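This is what each chain is made of:
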Amino acid sequence: MSEPRDWLEWDERHARAWIDVPQPVDDKYSRGVLGVRTGSRQYPGAAVLGVEAAARTGVGMVRYLGPRRASNLVLQRRPEVVTVPGRVEAWLLGSGMDAAARDDGTATALVEALAAGLPTVCDAGVLDLIAHATGPTVVTPHFRELAGLLSRPGKPVTAAQIAVSPGEWAGRAATELGVTVLLKGATTFVASPGGVRLRVTGAPAWLATAGSGDVLAGILGALLATHSATIDTDADALVALAATAALVHALAAGRASNGGPITALDVAGAVPATIAALLAPAPGGRRAATTV
Ligand SMILES: NC(=O)C1=CN([C@@H]2O[C@H](COP(=O)(O)OP(=O)(O)OC[C@H]3O[C@@H](n4cnc5c(N)ncnc54)[C@H](OP(=O)(O)O)[C@@H]3O)[C@@H](O)[C@H]2O)[C@@H](O)CC1
Ligand SMILES: Nc1ncnc2c1ncn2[C@@H]1O[C@H](COP(=O)(O)OP(=O)(O)O)[C@@H](O)[C@H]1O
């Protein structure tokens, strides 16, 4: 793999500044509400995984708006979730959706969310609609999805090409598409249209398991909802938050795994302790290091 050397390795020292710690003056609305349109009849589980991860990352409220079966499953797992429309500070869209099987009502709702001008995570089944996005947007493709995003008539791009130099392709995609790109894989590459290049390594390969990308999207959604004001004023906040989500995901996977196999839900379950360790002051005033 040939990669440029100018990728900054994002680590705990960088990430801890991007966790919003609630203050005594906060309430659930001031902390931020994450709107979620994920899941489908085919993939209701992805909705549960993303919502669980968002809730475990810490957010004032999760507002889930999706198909009835997915909604019921989400509520069974997380009765804290609100399932009526209302105010949101950020959107998480697309996990567990298949663009080819999308009905008109779902497409309209996704386009409406994309056009709201809010910080938005675009995953899986909404990637074909990102031209409608008007707010700060992070796309979270794997290699094949990025290939689909970059292919043009007569100019196909393949997952195999991207696998040769994923960082280079992530950077190219950020420039071409004008959005922040979080390219998933053993190393996660995060690139902004402005040229910031961040890299997260060290996730255990046990993380290559169904639904772990849905969990990452949920973590990122919560970070965007709790930082919507900062995203408005800091051009580099989005790329930093995306890399922070990837790092929290990798650290949580390492914590859950402890050398053994994991499920996606295990990763979400390990997020609170991962964040606590990230924030904990170490003896002598230095922060405790967390290991993957
Ligand atoms: N419990 C749930 O509800 C879950 C729901 N989920 C939801 O399912 C939806 C579809 O997810 P998906 O991206 O995996 O597409 P899917 O049609 O399975 O694969 C198509 C082909 O793409 C390829 N390919 C896949 N990954 C690749 C990679 N990293 N890098 C390169 N290539 C890769 C591979 O083809 P190959 O290259 O092996 O020929 C594969 O056959 C999506 O909405 C997701 O959120 C999942 O999260 C699981 C848990
Ligand atoms: N070999 C690997 N080592 C570490 N992490 C991996 C590896 N392969 C995939 N991952 C991570 O697992 C997650 C898989 O996400 P994704 O491909 O969207 O799967 P799903 O759609 O099943 O959720 C991503 O966060 C990716 O970075």
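As the structure is a computational prediction, the values presented were derived from the model and not from experiment.

**Topic: the sheet that holds strand β3 (residues 61-64)**
Then, in step 1: Strand order across the open sheet formed by nine strands is β1-β9-β8-β7-β6-β5-β4-β2-β3, with mixed pairing between neighbours. Bordering the open sheet on either side are β1 (8-9) and β3, each of which pairs with just one other strand.
Then, in step 2: Direction of pairing for strand β6 (residues 137-139) relative to strand β7 (residues 180-183): parallel, over a ladder of two bridges. Directly across from Val-139, in β7, lies its bridge partner Val-181.
Then, in step 3: Strands β2 (33-37), β3 and β4 (90-93) of the sheet are contacted by helix α3 (residues 44-57), whose axis makes an angle of about 165° with β3.

**Brief notes about the site of ligand 2**
Then, in step 1: If you check the shell around ligand 2, you find 16 residues, and the closest are Lys-184, Ala-186, Leu-207, Ala-208 and Gly-213.
Then, in step 2: If you tally residues by element for the shell around ligand 2, the top one is helix α9 (residues 212-225), at four residues.
Then, in step 3: Looking at the shell around ligand 2 residue by residue, the classes come out as seven nonpolar, seven polar and two charged.

**A look at the site of ligand 1**
Then, in step 1: The environment of ligand 1 is formed by 17 residues, the closest being Tyr-43, Gly-45, Ala-124, His-142 and Arg-144.
Then, in step 2: Residue assignment for the shell around ligand 1 shows that the elements contributing at least two residues are α3, α6 (143-150) and α9.
Then, in step 3: Its residues assigned to classes, the shell around ligand 1 comprises seven nonpolar, seven polar and three charged.

**Examining the UniProt feature "binding site: AMP" (unreviewed entry) in the chain**
Then, in step 1: Residues annotated in UniProt with the feature "binding site: AMP" (unreviewed entry) correspond here to Lys-184, Gly-185, Ala-186, Thr-187, Thr-188 and Gly-213. Across 30 residues of sequence, these annotated residues stay compact in space, with a maximum C-alpha separation of 13.2 Å.
Then, in step 2: Residue position: Ala-186 is located in the loop between β7 and β8 (188-191).
Then, in step 3: Residue classification places Ala-186 among the exposed positions, given that 12 C-beta atoms sit within 10 Å.
Then, in step 4: Here Thr-187 shows up in the loop between β7 and β8.
Then, in step 5: Exposure remark for Thr-187: the 19 C-beta atoms within 10 Å place this residue in the partly exposed category.
Then, in step 6: Excluding residues within four positions of it along the chain, Thr-187 makes contact with Arg-199, Val-200 and Thr-201.

**Quick notes on unusual backbone geometry**
Then, in step 1: Phi is positive for Ala-124, which is not a glycine, with a value near 40°.
Then, in step 2: Tracing the chain through its elements places Ala-124 in the loop between β5 (120-122) and β6.
Then, in step 3: According to the C-beta neighbour criterion, Ala-124 is buried, with 23 such atoms within 10 Å.
Then, in step 4: Although it is not a glycine, Asn-258 adopts a positive phi angle of roughly 50°.
Then, in step 5: Note on placement: Asn-258 falls in the loop between α11 (237-257) and α12 (264-269).

**Notes on the nonpolar core**
Then, in step 1: Counting residues in each nonpolar core, the largest one holds 95 residues, and the members touching the most others are Leu-34, Leu-220 and Ala-242.
Then, in step 2: In terms of residue count, the dominant contributor to this core is α11 (16 residues).
Then, in step 3: Setting aside its immediate chain neighbours within four residues, Ala-242 contacts Val-138, Thr-180, Leu-182, Val-190 and Leu-220.

Quick notes on the rules
- Residues numbered from 1 in each chain as written.
- Chains lettered and ligands numbered in written order.
- Predicted model: local features only at pLDDT ≥ 70, side-chain atom pairs only at ≥ 80, totals over all residues.
- Pairing = 2+ DSSP bridges.
- Helix = DSSP H or I, 4+ residues; strand = E, 2+ residues; numbered from the N terminus.
- Contact = placed C-beta atoms within 7 Å.
- Axes fitted to C-alpha atoms, helices over the stretch in contact; angles between N-to-C directions.
- Near = placed C-beta within 6 Å.
- Nonpolar A, V, L, I, M, F, W, Y, C, P; charged D, E, K, R; others polar.
- UniProt positions renumbered as here; feature names shortened; annotations may be inferred.
- Buried ≥ 20, exposed ≤ 12 C-beta atoms within 10 Å, placed from the backbone.
- Core = buried A, V, L, I, M, F, W, Y, C linked by C-beta atoms within 7 Å.

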